[in-house]
Amino acid sequence: MLDIAPRVRVDVDSLIAAQHDLGVCDAIWRIAPAGKADAMSAPHLPKVAGIDPAVTASPHTVAPTPVPTAVSTSTSPRTAHAPAQGPAASSVIQDRLAGMVSDLTTLHELTERLARASDLTSSLQEFLRAGAALVGARRGLIVLEPSDGLGPTSTIGLGLGHADLGHIETVPRSATSYGRILDGLPDANGGSEVLPEPGTAPGPGAGGYATPVDPRHREVAARLGYAASYALPLTAEATGRLGAAVWLYDEQAEPNDRQRDLAGLYVRHASEHLARMLEVERARTSLATVAEELLPSRLPRISGVQLAARHHTGPHGGGDWYDALPLPEGALGLAVGSVTGSGPSAVAAMGRLRASLRAYAVMEGEDPVAVLSDLELLLRLTEPARSATALFAYCEPAGGPNSNGRGRKLILAGAGHTPPLLIGERRTEYVETTLSAPLGMLSCWEAPSVEIEPAPGETVLLYTDGLLRRTGDPMDRAYARLHAAAAGIPRSAREDPAAICDHILRTVLPDGDGDGPPSPADASEDIVLLAARFE
């Protein structure tokens, strides 16, 4: 630390001191000499608790000390008298400070919006919108193409349709600034690229390149109506190059220096956020892949029964599952269930529970209550901290001893699971099987079984509670919504169980098919539908 003699008076204007405290720029110091300064190597004065008593610290709110009118005879440049600033200089400083505060506020608001994005796609869309506002563009696109090759890859447009993005992709990458970024060329740093007027050659520095414009690039630009672009690379410290973003101008324009600085600051912050969201998306994809591998790869073909299933894994990976397995003597077993919790542990528990139920169903499938009792005992002994719901249905063989020439008979038992829905031309009703507690909740599980006989052409729909929770409604209203959707299935779709599942998803869920982003209250819920139509 430099020792400044007490005879050197330092005067700081209050506005400039506030500017210095904000960290926006260095404060302007007005130093007026009160005499010749002591040597810089003067010994330290006595201090108490680290405070120099010889130097009085003035608060920033104290009015500035008037500058003496007398001019010192010292010729030292450090103690030379500085002229007082007039009203014009103070106004310039105030305007500059106000502009800096406004820029910082804008960046703060944009980064907060980006931080609120819940997934990778919404983050990319918010990034495009914010970048367009900063550089003064109306349209743009972002190409996500991580340099490690692990994906995912996607292209998202702002003010551009799928056809427009298709036209842009036909332009050779080497002909565009963002394409050179994606190719990893050493001299590709993005920047402005202004397309010259037709019939004129680009001068030196046009877009940083003096090569002629690619004919296809000029054709696509004329078709889409843009004359200039501004591209920036997306690079994160941990993952390297993520992709590139480009904003399009309708006229031959480019951002000014202030816009470039703001866009550069925002892109540096946003790239790190996008890198984190990319890792989250990869983890979700891997978890969903594992969950799909633990479920049936294909449904069995049973004479007289048509099967269809739909499974949508939640963003955090849940434990909902289904199964359809052929049993001895031509019988059929249908099962759905849900394990508490989410994430990798729930997915692993789901796989163990499904495998155990298959074994019990093969040995004693004609008694669904015995199957669920054995499953409950296994869960209580091996995973006492976890609970699950399950429903198992045993479908007797066609022409069995109890068929009496009518349709197949189903014997169902449920453990705290949602009731099946029987859908037909003449009836649409729930089959009550929820008189028992979930598995693992009681020391001794017991439940009655229920028998139904679907008529030819009727469909039995099994599902998990994620379908109801994804609606965002209370459970009673969600059940009514599902019943209304099943009753309103078109006649042409009733003959195909896959069409029935798709109709239920489109009608019941707010996002249409279960693939869209769920509401925050049920973001971790899986969806499972298993439909069996009897001929």
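Along each chain, residue indices are assigned from 1 in the same order as the chain's sequence is written. Given that this is a predicted model, residues contribute local features only at a pLDDT of at least 70 and side-chain atom pairs are listed and counted only at 80 or more, while totals for whole chains, interfaces and linings are drawn from all residues. As a convention, hydrogens and water are excluded, and side-chain values are obtained from all of the structure's heavy atoms.

Participant: Help me understand the overall build of the protein in this model?
Facilitator: Tallying secondary structure elements over the protein gives twelve helices and 17 strands in all. Each residue is placed in one exposure class: buried if its accessible area under a 1.4 Å probe, protein chains only, is under 20% of its type's maximum, exposed if it is over 50%, and partly exposed if it falls in between. Looking at the protein as a whole, 43% of its 535 residues qualify as buried. Restricting the contact set of the protein to residue pairs at least 6 apart, pairs at least 24 apart contribute 68%. About 27100 Å² of surface is accessible on the protein, with carbon and sulfur atoms providing 55% of the total. Where helices and strands are cited, they refer to DSSP runs of H or I of at least four residues and of E of at least two residues respectively, numbered from the N terminus. Any two residues whose heavy atoms approach within 4.5 Å are treated as being in contact. Computed with the Shrake-Rupley method and a 1.4 Å probe, the accessible areas treat only the protein chains shown as cover for residues.

Participant: Even after reading the chapter, I still don't get the nonpolar core, so can you show me in this structure?
Facilitator: Buried together is how nonpolar side chains tend to be arranged in soluble globular proteins. Residue types Ala, Val, Leu, Ile, Met, Phe, Trp, Tyr and Cys, when buried and joined through side-chain atoms within 4.5 Å, form a set referred to as a nonpolar core. In terms of nonpolar packing, the biggest core is built from 54 residues, with W321, L334, L357, L372, F392 and L410 touching the most fellow members. In terms of nonpolar packing, the next biggest core, distinct from the first, is built from 33 residues, L107, F127, Y230 and L278 among them.

Participant: What am I meant to see in the sheet that holds strand β15 (residues 450–452) here?
Facilitator: Paired through their backbone hydrogen bonds, the strands of a sheet run either parallel or antiparallel. Ordered by their spatial adjacency, five strands build an open sheet running β9-β10-β11-β12-β15, and the pairing between neighbours is antiparallel. Looking at the sheet topology across the chains shown, the edges are occupied by β9 (318–327) and β15. When the angles between neighbouring strand axes are averaged without regard to direction, this sheet yields 15°. A pair of strands is considered paired only if DSSP assigns at least 2 bridges between the two. For strand β11 (residues 388–395) and strand β12 (residues 410–415), the ladder comprises six bridges, and the chain directions are antiparallel. Among the inter-strand pairings, A390 is bridged to a residue of β12, identified as A415. Under this scheme, a helix contributes an axis fitted over its contacting stretch, all axes are lines through C-alpha atoms, and angles between N-to-C directions fall in the 0 to 180 degree range. Helix α8 (residues 344–364) rests against β9, β10 (331–342) and β11 of the sheet, and its axis sits at about 20° to β9. Of the strands in this sheet, β11 and β12 touch helix α9 (residues 368–382), which is tilted by about 25° from β12.

Participant: For this particular structure, what's the right way to read the confidence of the model for the protein?
Facilitator: Per-residue confidence from the predictor is given as pLDDT, running between 0 and 100. Per-residue confidence for the protein gives a mean pLDDT of 80, with 77% of residues at or over 70. Per-element confidence in the protein is highest for strand β16 (residues 459–463), whose mean pLDDT is 96, and lowest for strand β2 (residues 30–33), whose mean pLDDT is 37. Contacts of residues 203–210 to residues separated by more than four positions or lying in other chains number twelve contacts, the stretch itself having pLDDT below 50. Per-residue pLDDT stays below 50 along residues 517–521; that stretch engages in five contacts with residues further than four places along the chain or on separate chains.

Participant: Please clarify how the sheet that holds strand β14 (residues 428–430) should be interpreted in this entry.
Facilitator: What the five strands build is an open sheet, ordered β8-β17-β16-β13-β14; its pairing is antiparallel. Looking along the sheet, the strands with just one partner apiece sit at the ends: β8 (305–312) and β14. The sheet shows a mean angle of 15° between the axes of neighbouring strands, direction not considered. Two elements, strand β13 (residues 421–423) and β16, share three bridges in a ladder whose sense is antiparallel. Residue pairing across strands places I423 opposite T459, the latter belonging to β16. Packing against the sheet, helix α11 (residues 475–487) makes contact with β13, β14 and β16, and its axis sits at approximately 150° to β14. On the sheet, helix α12 (residues 497–508) packs against β8, β13, β16 and β17 (527–534) and is oriented at approximately 35° with respect to β8.

Participant: Explain the side chain of H417 here, please?
Facilitator: Looking at the secondary structure, you find H417 in the loop between β12 and β13. For H417, a relative accessible area of 3% translates into the label buried. Nitrogen and oxygen atoms within 3.5 Å of one another constitute a polar contact, given that in protein one can donate a hydrogen and the other can accept it, and given that sequence-neighbouring residues count only through two side-chain atoms. Here the side chain of H417 touches T389 through a polar contact of 3.1 Å, side chain to side chain.

Participant: What exactly am I supposed to notice about the pairing of β17 here?
Facilitator: Each regular strand displays side chains that alternate between the two surfaces of the sheet. Where burial is concerned, most of β17 is hidden: eight out of the eight residues are buried. Along β17, one buried face is formed by I527, L529, A531 and R533 and the opposite face, lined by V528, L530, A532 and F534, is buried too. Examined bridge by bridge, β8 and β17 share eight bridges and lie antiparallel to one another. Bridge pairing in β17 places L307 opposite A532. Here five bridges tie β16 to β17, and the two strands are oriented antiparallel to one another. Within β17, the position partnered with L461 by the bridge is A531.

Participant: Explain the pairing of β16 to me, please; I cannot follow it from the model alone.
Facilitator: Where burial is concerned, most of β16 is hidden: five out of the five residues are buried. On β16, burial covers both faces: T459, L461 and Y463 on one face and V460 and L462 on the other are all buried.

Participant: Mind showing me how you'd approach unusual backbone geometry here?
Facilitator: Comment: phi is negative for the bulk of residues other than glycine, and the bulk of peptide bonds are trans. Between G151 and P152 the backbone carries a cis peptide bond, its omega angle lying at -5°. With a phi angle near 65°, E329 is a residue other than glycine that sits in the positive phi range.

Participant: Just to check I follow, could you spell out the environment of C395 for this structure?
Facilitator: Relative to the helices and strands, C395 resides in strand β11. Exposure remark for C395: the relative accessible area of 1% places this residue in the buried category. Taking the C-alpha atoms as reference, C395 lies 8.8 Å from L412; in sequence the two are 17 residues apart. In this view, C395 contacts A331, L332, R408, K409, L410 and F534; residues no more than four positions away in its chain are not counted.

Participant: How should I be thinking about the packing of aromatic side chains in this particular structure?
Facilitator: Stacked, tilted and edge-to-face are the three classes assigned to paired rings of Phe, Tyr and Trp, where Trp is represented by its six-membered ring and a pair needs centres within 6.5 Å; plane angles under 30 degrees give stacked, over 60 edge-to-face, the rest tilted. The full count for this structure, using the stated rule, is three aromatic pairs. Where F127 meets W247, the ring centres are 6.0 Å apart and the plane angle is 40°; that geometry is what we call tilted. Here F127, found in helix α3 (residues 120–135), pairs with W247, found in strand β7 (residues 240–249); they are 120 residues apart in sequence, far enough to count as distant. Residue class for F127 comes out buried when judged on its relative accessible area of 0%. Between the aromatic rings of F127 and Y266, the centroid separation amounts to 5.9 Å while the plane-to-plane angle is 15°, which identifies the pairing as stacked.

Participant: Got a minute to help me understand the pattern of salt bridges in this structure?
Facilitator: Where charged atoms from two side chains of opposite charge approach closely, those side chains can pair. The salt bridge criterion pairs a side-chain nitrogen of Lys or Arg with a carboxyl oxygen of Asp or Glu, the two atoms within 4 Å. One pass over the structure, following the stated rule, counts 23 salt bridges. Among the ionic pairs, E219 bridges to R216, the shortest N-O distance being 3.1 Å. Highlighted residues: E219 and R216, both in helix α6 (residues 215–224), separated by three residues, approximately one helical turn. Residue R216 is classed as partly exposed on the basis of its relative accessible area, which comes to 24%. Its salt-bridge partner being R386, residue E383 comes within 3.1 Å of it at the nearest N-O pair. You can call E383 buried: its relative accessible area is 15%. Take R386: its relative accessible area is 19%, and that puts it in the buried class. Here the salt bridges share partners, and the residues they tie into one network are R138, R139 and D250.

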